[in-house]
Amino acid sequence: MADSDSDNDGLSLFDIVWEDVLYVKLFPLLSLKDLFNLRCCSRLAKTFVDNGFRRLKEINLSGKNSPHLDLAFTVLAENCRNVRVINLARCNWLQDSILCPLLKYNHKLTKINLSQCLNITPRSMQPIIIGCKQLTTLKLSHCHWLTIGAMEALTLHHTKIQELDISYCAALNERCISVFLLNCRMLKTLSLSNVPAVTDNLLLAIAKHSKFIKNLNLVGCYLITDRGVLAISLCCKELESLMVRECPHVTEQSLAVLRGRVFIDRPRVFQPDMNMVPNMGFPRLFLQV
């Protein structure tokens, strides 16, 4: 593929109208890998792709850790200005120095997934907190760097978040999560899996403030009991799924109230009916709880 000034008599792909045809019909069909390959073909191709990046609305590099991918991401950070969804889960190469510029210039972001990004710090949360006012989904599972201060700052600036995943974020405490729930009343999906700070008091806060919650993940929250789950069952009428594996103090006593209208990741258990009819010789009956 040659630059347009190398052959004035010939026609090339780039003679087709860019704005109304190529960017609308062709650009969305190409993967990021295709676009970077095209970008290497000529100066005109580079200009075409870089301008197209300004229209890009979604970046999904989840789990991709190819060599020099950080350099490609730097190109995206320099050119992208209209991204709405970004998924960088499990990107081991990701660092604050290359993530922050992208976040700084894309204020229309609505969904961000940084789960298991182990080499960034709370510094990367600053442009999210300050600039991304349309944010509705934030996934930070296994982000050991997420601090109480970062969570409190997020709470101060965001009230529209509908999906939050802070599983395995051991640095957080019950108070900062409760305050977040108080401010984000439209929360629909919440994952608190294996967060040591989760207790019945936090479940009571969910029951009180998160009336629209539909999906709740409490796997591995070993401090919660039937008391907290019963509060959820009574107050959260729109609940659709509840994950309570590895919660030893949650029993069928509270789960039975939810069965039939809510998906629960633990199977129904059977318990013996202790109210036998005396002296009748009937076998012990097992009733479904």
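Residues numbered from 1 in each chain as written. Predicted model: local features only at pLDDT ≥ 70, side-chain atom pairs only at ≥ 80, totals over all residues. Heavy atoms only, no water.

By the naming in an unreviewed UniProt entry, the protein goes by F-box/LRR-repeat protein 15-like leucin rich repeat domain-containing protein and is assigned to Anopheles culicifacies.

Looking only at helices and strands, the protein features 11 helices and 11 strands. Considering the protein as a whole, with its 289 residues, one finds that 45% of them fall into the buried category. Restricting the contact set of the protein to residue pairs at least 6 apart, pairs at least 24 apart contribute 69%. (Helix = DSSP H or I, 4+ residues; strand = E, 2+ residues; numbered from the N terminus. Buried < 20%, exposed > 50% of the residue type's maximum accessible area, 1.4 Å probe, protein only. Contact = heavy atoms within 4.5 Å.)

Take the packing of aromatic side chains next. If you walk through the whole model with that rule in mind, you get 10 aromatic pairs. Between the aromatic rings of Phe-36 and Phe-53, the centroid separation amounts to 5.5 Å while the plane-to-plane angle is 40°, which identifies the pairing as tilted. Remark: Phe-53 occurs in helix α3 (residues 43-53) and Phe-36 occurs in helix α2 (residues 32-39); sequence separation between them is 17 residues. The class for Phe-36 is buried, based on a relative accessible area of 17%. Its end group placed over the ring of Tyr-105, Arg-81 keeps NZ or CZ at 4.4 Å from the ring centre. (Phe/Tyr/Trp six-rings, centres within 6.5 Å; stacked < 30°, edge-to-face > 60°. Lys NZ or Arg CZ within 6 Å of the ring centre and 35° of its normal.)

As a further point, take the packing of helix α7 (residues 148-157) against helix α8 (residues 174-183). Think of two packed helices as two axes; the pair is described by the angle between the axes and how far apart they sit. Viewed as axis vectors pointing N to C, α7 and α8 meet at an angle of 10°, and their least axial separation amounts to 9 Å. Taken together, the axis directions place α7 and α8 in an arrangement best described as roughly parallel. Between α7 and α8, the residues in contact are Ile-148, Met-151, Glu-152, Leu-154 and Thr-155 and Arg-175, Cys-176, Val-179, Phe-180 and Asn-183, respectively. (Axes fitted to C-alpha atoms, helices over the stretch in contact; angles between N-to-C directions. Parallel < 35°, antiparallel > 145°, perpendicular 65-115°, else oblique.)

What follows is about the pattern of salt bridges. Summed over all chains, the structure comprises 7 salt bridges. Through salt bridges with shared partners, one network takes in Arg-39, Lys-46 and Asp-50. (Salt bridge = Lys/Arg side-chain N within 4 Å of Asp/Glu carboxyl O.)

A separate point is helix α1 (residues 18-26). Those residues of α1 that fall on the buried side of the exposure criterion are Trp-18, Leu-22 and Tyr-23. Projected down its long axis, α1 shows its buried positions confined to an angular sector of 85°, all on one face. Along α1, exposed side chains directed more than 90 degrees from the buried face belong to Asp-20 and Lys-25. (Arc of directions from axis to C-beta.)

Locating Ser-193 in the fold gives a position in the loop between β6 (189-191) and α9 (200-209). On the accessibility criterion, Ser-193 (6% relative accessible area) is buried. Here Val-219 takes part through its backbone oxygen, which lies 3.1 Å from a polar atom of the side chain of Ser-193. Excluding its chain neighbours within four sequence positions, the residues that come into contact with Ser-193 are Ser-167, Tyr-168, Asn-217 and Val-219. (Polar contact = N/O pair within 3.5 Å; in protein donor to acceptor, adjacent residues only side chain to side chain.)

Moving on to the sheet that holds strand β8 (residues 241-243). Spatially, β1-β2-β3-β4-β5-β6-β7-β8-β9 is the arrangement adopted by the 9 strands of the open sheet, whose pairing is parallel. The sheet terminates laterally at β1 (58-60) and β9 (263-264), the two strands that pair on one side only. Bridge count for strand β7 (residues 215-217) against β8 is 3 bridges, and the pairing is parallel. Bridging across to β8, Asn-217 finds its partner in Met-243. (Pairing = 2+ DSSP bridges.)

The next thing to look at is the layout of surface pockets. As a volume, the largest pocket reaches approximately 330 Å³. Residue lining of the largest pocket: 13 residues in total, with Leu-32, Lys-33, Phe-36, Leu-61 and Leu-69 positioned closest to the centre. Residue assignment for the lining of the largest pocket shows that the elements contributing at least two residues are α2 and α4 (69-79). The residue makeup of the lining of the largest pocket, split by class, is 7 nonpolar, 4 polar and 2 charged. Structurally, the lining of the largest pocket is a two-domain feature, drawing no fewer than three residues from each of domain 1 (16-55) and domain 2 (57-264). (1 Å grid on protein atoms, 1.4 Å probe; cavity = no way out; pocket = protein on both sides within 12 Å on 5 of 7 lines; lining within 4 Å. Points joined across faces, edges and corners; volume = space filled by probe spheres on them. Nonpolar A, V, L, I, M, F, W, Y, C, P; charged D, E, K, R; others polar. Domains from an automatic or database assignment.)

Phe-53, Phe-73 and Leu-94 are the most contacted members of the largest nonpolar core, which totals 91 residues. A total of 6 residues in this core trace back to one element, the largest contributor, which is α4. Counting contributing residues, this core receives three or more from each of domain 1 (16-55) and domain 2 (57-264). Setting aside residues up to four positions removed in sequence, Leu-94 forms contacts with Phe-73, Leu-88, Leu-99, Leu-114, Cys-117, Asn-119 and Ile-120. (Core = buried A, V, L, I, M, F, W, Y, C linked by side-chain atoms within 4.5 Å.)

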